[in-house]
Amino acid sequence: MTSLPETTQRKLGLVIDLDTCVGCHACVIACKGWNTENYGAPLSDQDPYGAAPSGTFLNRVHSYEITPPHGQAQLVHFPKSCLHCEDAPCVTVCPTGASYKRSEDGIVLVNESDCIGCGLCAWACPYGAREMDPTAKVMKKCTLCVDRIYNENLPEEDRTPACVRTCPAGARHFGDLGDPDSDVSQLVAARGGFDLMPDLGTKPVNKYLPPRPKDQWEETDILAPFLEPVAESPQGFLGWLDRALERL
Amino acid sequence: MHPAPSVIIFTTLSGLGFGLLVFLGLGLPPVTGWVAFVFFLIAYALAVGGLLASTFHLGHPERALKAFSQWRTSWLSREAWAAVAALVIMALYALGAVFFDTRISALGWLGAGLSFATVITTAMIYTQIKAVPRWHQALTPLHLSTASLAGGALLAGQITIAQILLFLAGIIQIAHWLRGDQRFGEAGQSIASATGLGSPGRIRAFEAPHTGTNYLLREMVHVVGRKHAQRLRLIALGLGFALPLGLIMIPGASHGLGGLAVLSHILGMLASRWLFFAQAEHVVGLYYGARG
């Protein structure tokens, strides 16, 4: 049913640390691997070894350059997947009921056997979290690895989404964001986690942690500027070369 | 947004077909017998042809019946209901008019109302999408419905009503473009709000997540066809509204001129619909550095 649940018992989601992410794309590969080999239609590739490769991914890592008014430019790697919004616009537009938000844990899923592939949900999502698979012709999206997190056949440490499990930098965290005492909620509170495009009213569950301010180069000695510079002009062979080139 | 030919043809033809059904239902003109048969044939060919074209962009058209289930929340589902209801009621009305020389007015009014409702539900599919600010405005349903009614009046041969509606629809078309041009700015989304990285300083998309293209870029960050936007707007306005208006204002206009007016209107509406999609910008483009 495409009516959104009024409340969900839990709000499972991800917290992504933009300070820690190194942009290695391991989460992208782990996601594609797990979600191709397990639940649902595989994530296909088109022309993978040809001139114009293209494929379906549920998680993609953008990179942005930030130039603060003072100090060094900074590169921020920005992984983006479904935010499992509380007020998910992708769910309510679905004409068939294929898209739904679970009332028990808030995960937004697609029932692929009901999907007619109209693509309207992908239009409705402001974040580009949904991609139509050109081979299966159904809508694919992050399932929060629903087939891992409750899977008792896996060792307990593996019962997290594939992207979280694989992240070598520990930049991805999984948990219940509806519980203020959970590790992820406390992390969000401590680091000032934020929503993407909050004005659109989607109320995303996933949170992003901002990059920490970088160290600034500070003067180590107040007398340093008054010291005579050491080696202003090159000496020896380089000095001769410098003079010789100037004379030319 | 990607201007898919199937969706452009669907909205243009169906809009026209349901517009004509509105007038036929209202008894404008009050046709019966063979004349009614031809009128209803044209209306159904356009409306049903358009609906069939729309199924071409579905990944799984064989599951289309499921689309009737979510009318509580989904405008696309409501559109399916409205379209089928309108077509069934108008078919009963047409049956009376064509074969029994009887127009059951109440049935006609109901059918006209449902036909108009179908156009509104189609418009709401686009209007509801906040992620496409150009569509998310009050003028969108007004634009799509007046265009549909103007075309319907033109096809129904209602010269006076068509003149008023073509003029009105043309004005609303211009207003929709001008308001639409400001909508993205008004929506207030930027690369800073999209990434939450605005505060530390100037932000620039440095690298895309992938070397090639992807579904999102093909479907929602489609920029081909914006190049000739101003020229296409003039073509849409000229062929869609001005020329048909001029043609039907010629005193004693013949069927030939009327047909020319309809043809011109359809070509103009195709250009208008192309722009409706091609010029619509989705906020997901911000993640890829669209709009700086």
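Our subject is the structure that appears above.
Treat the numbers as computed from the prediction; the structure is a model and nothing was measured. (Residues numbered from 1 in each chain as written. Chains lettered and ligands numbered in written order. Predicted model: local features only at pLDDT ≥ 70, side-chain atom pairs only at ≥ 80, totals over all residues. Heavy atoms only, no water.)

Asks: Help me out: how do you make sense of the overall build of chain B in this one?
Replies: Looking only at helices and strands, one finds 10 helices and 1 strand in chain B. Helices and strands in chain B line up, N terminus first, as α-α-α-α-α-α-α-β-α-α-α. A globule of 292 residues ought to have a C-alpha radius of gyration of about 19 Å, and chain B, at 21 Å, matches this closely. Here the C-alpha coordinates of chain B stretch approximately 75 × 45 × 30 Å along the principal axes. The proportion of buried residues among the 292 residues of chain B is 54%. Here the analysis covers contacts within chain B between residues at least 6 apart in sequence; of these, 77% occur between residues at least 24 apart. For chain B, the computed accessible surface area is about 12300 Å², with 73% contributed by carbon and sulfur atoms. The distance from the centre of the 18 positive side-chain charges to the centre of the 8 negative ones in chain B is 5 Å. (Helix = DSSP H or I, 4+ residues; strand = E, 2+ residues; numbered from the N terminus. Rg over C-alpha atoms; globule rule 2.2 N^0.38 Å. Buried < 20%, exposed > 50% of the residue type's maximum accessible area, 1.4 Å probe, protein only. Contact = heavy atoms within 4.5 Å. Areas by Shrake-Rupley, 256 points an atom, 1.4 Å probe, with all protein chains shown as cover. Lys, Arg positive; Asp, Glu negative; His and termini not counted. Charge placed at Lys NZ, Arg CZ, Asp CG, Glu CD.)

Asks: Please clarify how the pattern of salt bridges should be interpreted in this entry.
Replies: Pairs can form between side chains of opposite charge whenever their charged atoms are close. Following the criterion strictly, the structure yields 17 salt bridges over all chains and no others. Lys-32 of chain A is the partner of Asp-45 of chain A in a salt bridge, and the nearest nitrogen-oxygen pair spans 2.7 Å. One end of the pair, Asp-45 of chain A, is in strand β2 (residues 45–46); the other, Lys-32 of chain A, is in helix α1 (residues 26–37), and 13 residues separate them in sequence. Between Asp-181 of chain B and Arg-233 of chain B there is a salt bridge; the shortest N-O distance is 2.9 Å. (Salt bridge = Lys/Arg side-chain N within 4 Å of Asp/Glu carboxyl O.)

Asks: Would you explain the packing of helix α9 (residues 229–249) of chain B against helix α10 (residues 255–278) of chain B in this entry?
Replies: A pair of packed helices is characterised by two quantities: the angle between their axes and the separation of those axes. All names here are of chain B. Packing of α9 against α10 leaves a shortest axis separation of 8 Å and a crossing angle of 155 degrees. The orientation of α9 relative to α10 falls into the category roughly antiparallel. Here the hand of the crossing between α9 and α10 comes out left-handed. Side by side, α9 and α10 meet where Ala-229, Leu-232, Arg-233, Ile-235, Ala-236, Leu-239, Gly-240, Phe-241, Leu-243, Pro-244, Leu-247 and Ile-248 of the first sit next to Leu-257, Leu-260, Ala-261, Ser-264, His-265, Leu-267, Gly-268, Met-269, Ala-271, Ser-272, Trp-274 and Leu-275 of the second. Its residues placed into classes, the contact of α9 with α10 shows 18 nonpolar, 5 polar and 1 charged. (Axes fitted to C-alpha atoms, helices over the stretch in contact; angles between N-to-C directions. Parallel < 35°, antiparallel > 145°, perpendicular 65-115°, else oblique. Left-handed = near helix turned anticlockwise from the far one by under 90°. Nonpolar A, V, L, I, M, F, W, Y, C, P; charged D, E, K, R; others polar.)

Asks: Would you explain a nonpolar patch on the surface in this entry?
Replies: Together, Phe-237, Leu-238, Trp-240, Leu-241, Leu-245 and Leu-248 of chain A line one region of the surface with nonpolar side chains, adding up to about 730 Å² of accessible area. As for its position among the elements, Leu-248 of chain A is in the segment after α7 (236–247). (Patch = residues over 30% accessible without salt bridge, like charges linked within 9 Å, V, L, I, M, F, W, Y side chains within 5 Å.)

Asks: Help me understand the interface of chain B and chain A in this model?
Replies: The accessible area lost on association of the parts is a frequent measure of interface size. Every contact between the two is made by 56 residues of chain B and, on the other side, 57 residues of chain A. For the chain B and chain A pair, buried surface summed over both sides reaches about 4600 Å², with 60% attributable to carbon and sulfur atoms. The largest per-residue losses of area from chain B upon contact with chain A belong to Leu-197, Tyr-215 and Tyr-287 of chain B, which jointly make up 14% of the total buried on that side. Summed over the shared surface of chain B and chain A, the result is 2 salt bridges. Summed over the shared surface of chain B and chain A, the result is 24 residue pairs in polar contact (both at pLDDT 80 or more). (Buried area = accessible area lost by both parts, 1.4 Å probe. Polar contact = N/O pair within 3.5 Å; in protein donor to acceptor, adjacent residues only side chain to side chain.)

Asks: Help me understand the environment of Trp-71 of chain B in this model?
Replies: All names here are of chain B. Mapped onto the elements of the fold, Trp-71 is located in the loop between α2 (33–55) and α3 (75–99). Between the C-alpha atoms of Trp-71 and Trp-81, which are 10 residues apart in sequence, the distance is 7.8 Å. Not counting the four nearest positions on each side in its chain, Trp-71 is found in contact with Ser-77, Arg-78 and Trp-81.

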